[in-house]
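Given next are the chains, with one letter for each unit.
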Amino acid sequence: MVLLIDGHSISSTLPVSQLHTKYQLLKANSLSVLNRPAKLVEASEKCLYVGQRELAVVAPGDNVNMVGSEDATTCHVVILRDVHTGVTGLAHLDNEEPNDFLRLEKEVRDRNGYTKDQDILEYSVSILGGYEDENSTSEEITEMLLAVMQGLKARFTLQLACTGSVNTVMKDGVPWPRVYGGGVDVSTGEVFTAKFSYHGPDTDIRSLRLHSPGASLNNIYDPYGGKIVLKPFSYRVMPDAHLWLKKADSFILKYCSTSPLVEPPDFCEHIRANFRRMISDPRPMESLFPGGRNRVYERNEITGQWILELECISENGSKNSSESKPWGVNDFRMQFN
């Protein structure tokens, strides 16, 4: 049960407000990363992009050079790297649910082939995203991460915490995130802030998974085949979705965002893309996942884009239930948080 910050073992509750005042080396390292120009990542650079409530686990020798995520306002991009093997997991967390971090740790542990001896594991941890928002949503996620790491048998060293006060800048009296995301070099473990020109395949479908019944953190990467895999899920079409396509940006921001003043420029178009997908595929288990098939994507070595395979049958062929509660605008408020 070891969480190390600046060489000190943390054994009690650590208020987020003290994270960068009490641990100056952590603050300096975090500011050093934040002060560098954001890396502009193109598809041709063999990057695996992880969306909201997704994770991926990679290792040196995989068919990707880097893994990353962005569009995090209150969300946290968490990078967990085994210091001995280089196996690295990256997750885009959007809430303070402890099971999401536990899932990330388990996926990294499983990729390493470890079984029960969790106490032999040593990880370096980096956090990107989250700021001093008015609802303290970011703070709640950070506090959860710190508490969960203290409760596990593995050894966690917090290397970077680019969140909270160090990731906040004031603009016209409004707090904004300095950065919205970043990534990690698979071979070296170097963490960097970044902007991504390509977010991978079918981002509208992946976003709608957030609104399927029981949607939790989902591992999208098959390291053995080097492919992205989307497992079947269903969703309910929002009433009057076609009318929402005609709404002004100001209306969409007001009703579909938890932080409308600081959203990325493409937020509204992203929301409209979700509505368009609902309209074009109202029965996803028939049109998107026929026969209970996974959607499997292989990376094109020339363009770097991920291409849908025509034949992609899931292991169990199971179908998810389409039963869920009625739609409402609050179902979209999790986007880009």
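Described in the following lines is the structure provided in the data block. (Residues numbered from 1 in each chain as written. Predicted model: local features only at pLDDT ≥ 70, side-chain atom pairs only at ≥ 80, totals over all residues. Heavy atoms only, no water.)

Each helix and strand in the chain was counted, giving 9 helices and 19 strands. In terms of C-alpha radius of gyration, the chain reaches 20 Å, essentially the compact-globule figure of 20 Å for 337 residues. Oriented by its inertia axes, the alpha-carbon framework of the chain measures out at about 55 × 50 × 40 Å. When each of the 337 residues of the chain is scored for burial, the buried share is 54%. Relative to all contacts within the chain whose residues are 6 or more apart in sequence, the contacts with residues 24 or more apart total 73%. Surface exposure of the chain reaches about 15,100 Å², of which carbon and sulfur atoms provide 49%. Each charge class in the chain was averaged separately, 35 positive and 44 negative side chains, and the resulting centres sit 2 Å apart. (Helix = DSSP H or I, 4+ residues; strand = E, 2+ residues; numbered from the N terminus. Rg over C-alpha atoms; globule rule 2.2 N^0.38 Å. Buried < 20%, exposed > 50% of the residue type's maximum accessible area, 1.4 Å probe, protein only. Contact = heavy atoms within 4.5 Å. Areas by Shrake-Rupley, 256 points an atom, 1.4 Å probe, with all protein chains shown as cover. Lys, Arg positive; Asp, Glu negative; His and termini not counted. Charge placed at Lys NZ, Arg CZ, Asp CG, Glu CD.)

Glancing now at the sheet that holds strand E17 (residues 227-230). Reading across the sheet, the 4 strands line up as E16-E17-E18-E19 and stay open at both edges, with antiparallel pairing between neighbours. Two strands close off the open sheet at either side, each with one partner strand: strand E16 (221-222) and strand E19 (306-308). Bridge analysis of E16 against E17 gives 2 bridges, and the strand direction is antiparallel. Bridge pairing in E17 places Tyr-221 opposite Ile-228. (Pairing = 2+ DSSP bridges.)

Further remarks concern the side chain of Ser-124. With respect to the helices and strands, the residue Ser-124 is situated in strand E9 (residues 122-128). For Ser-124, the residues in contact, after removing those within four places along its chain, are Ile-79, Leu-80, Arg-81, Val-83, Thr-157 and Gln-159.

This brings us to the environment of Met-66. Mapped onto the fold, Met-66 is located in strand E6 (residues 66-69). You can call Met-66 buried: its relative accessible area is 8%. Spatially, the C-alpha atoms of Met-66 and Ser-136 are 31 Å apart, while their sequence positions differ by 70 residues. When residues no more than four places from it in sequence are discounted, the contact partners of Met-66 are Lys-39, Val-41, Glu-45, Lys-46, Cys-47, Leu-48, Val-184, Asp-185, Val-186 and Phe-192.

Looking now at helix H8 (residues 267-280). In a regular helix each residue adds 1.5 Å, so 14 residues correspond to 20 Å; H8 covers 20 Å between its end C-alpha atoms and thus fits that length. Those residues of H8 hidden inside the fold are in contact with helix H5 (203-208), helix H6 (241-244) and helix H7 (249-256). (Expected span 1.5 Å × (residues − 1).)

Attention now moves to the pattern of salt bridges. Per the stated rule, a full pass over the model turns up 15 salt bridges. As a salt-bridge pair, Arg-103 and Glu-107 come within 2.7 Å of each other at their nearest N and O atoms. Of this pair, Arg-103 and Glu-107 are both found in helix H3 (residues 98-112), 4 residues apart, which corresponds to roughly one turn of the helix. Between Arg-299 and Glu-301 there is a salt bridge, with its nearest N and O atoms 3.3 Å apart. (Salt bridge = Lys/Arg side-chain N within 4 Å of Asp/Glu carboxyl O.)

What follows is about the packing of H7 against H8. Helix packing for two helices is described by the angle between their axes and how far apart those axes are. Viewed as axis vectors pointing N to C, H7 and H8 meet at an angle of 80°, and their least axial separation amounts to 10 Å. Relative to H8, H7 is oriented roughly perpendicular. Touching Asp-249, Ile-252, Leu-253 and Cys-256 of H7 are Phe-267, Cys-268, Ile-271 and Arg-272, all from H8. (Axes fitted to C-alpha atoms, helices over the stretch in contact; angles between N-to-C directions. Parallel < 35°, antiparallel > 145°, perpendicular 65-115°, else oblique.)

Here we take up unusual backbone geometry. In this model, Asp-6 sits at a positive phi of 55°, which is unusual for a non-glycine residue. Its place among the elements puts Asp-6 in the loop between strand E1 (2-5) and strand E2 (8-9). Taking the relative accessible area as the measure of exposure, Asp-6 reaches 26% and is therefore partly exposed. At Asp-71, a residue that is not glycine, the phi angle is positive and equals roughly 65°. Following the sequence through the fold, Asp-71 ends up in the loop between E6 and strand E7 (76-82). You can call Asp-71 buried: its relative accessible area is 10%.

This part is about the sheet that holds E1. Overall, mixed pairing links the 8 strands, which are arranged E2-E1-E10-E9-E7-E8-E5-E15 in an open sheet. Strands with a single pairing partner mark the edges of an open sheet, and in this sheet they are E2 and strand E15 (218-219). Strand direction decides the pairing type here: E7 and E9, joined by 6 bridges, are antiparallel. Looking at E9, one finds that Val-77 is bridged to Leu-128.

Before going further, it helps to examine the packing of aromatic side chains. Summed over all chains, the structure comprises 8 aromatic pairs. Judged by centre distance (5.3 Å) and plane angle (70°), the rings of Tyr-49 and Phe-196 are edge-to-face. Taken together, the positions of Tyr-49 in strand E4 (residues 47-49) and Phe-196 in strand E14 (residues 191-196) put the pair 147 residues apart, joining distant regions of the chain. Across this residue pair, the class does not change: Tyr-49 and Phe-196 are buried. Taken together, the ring pairs in this structure connect Trp-244, Phe-251, Tyr-255 and Phe-275 into an aromatic cluster. (Phe/Tyr/Trp six-rings, centres within 6.5 Å; stacked < 30°, edge-to-face > 60°.)

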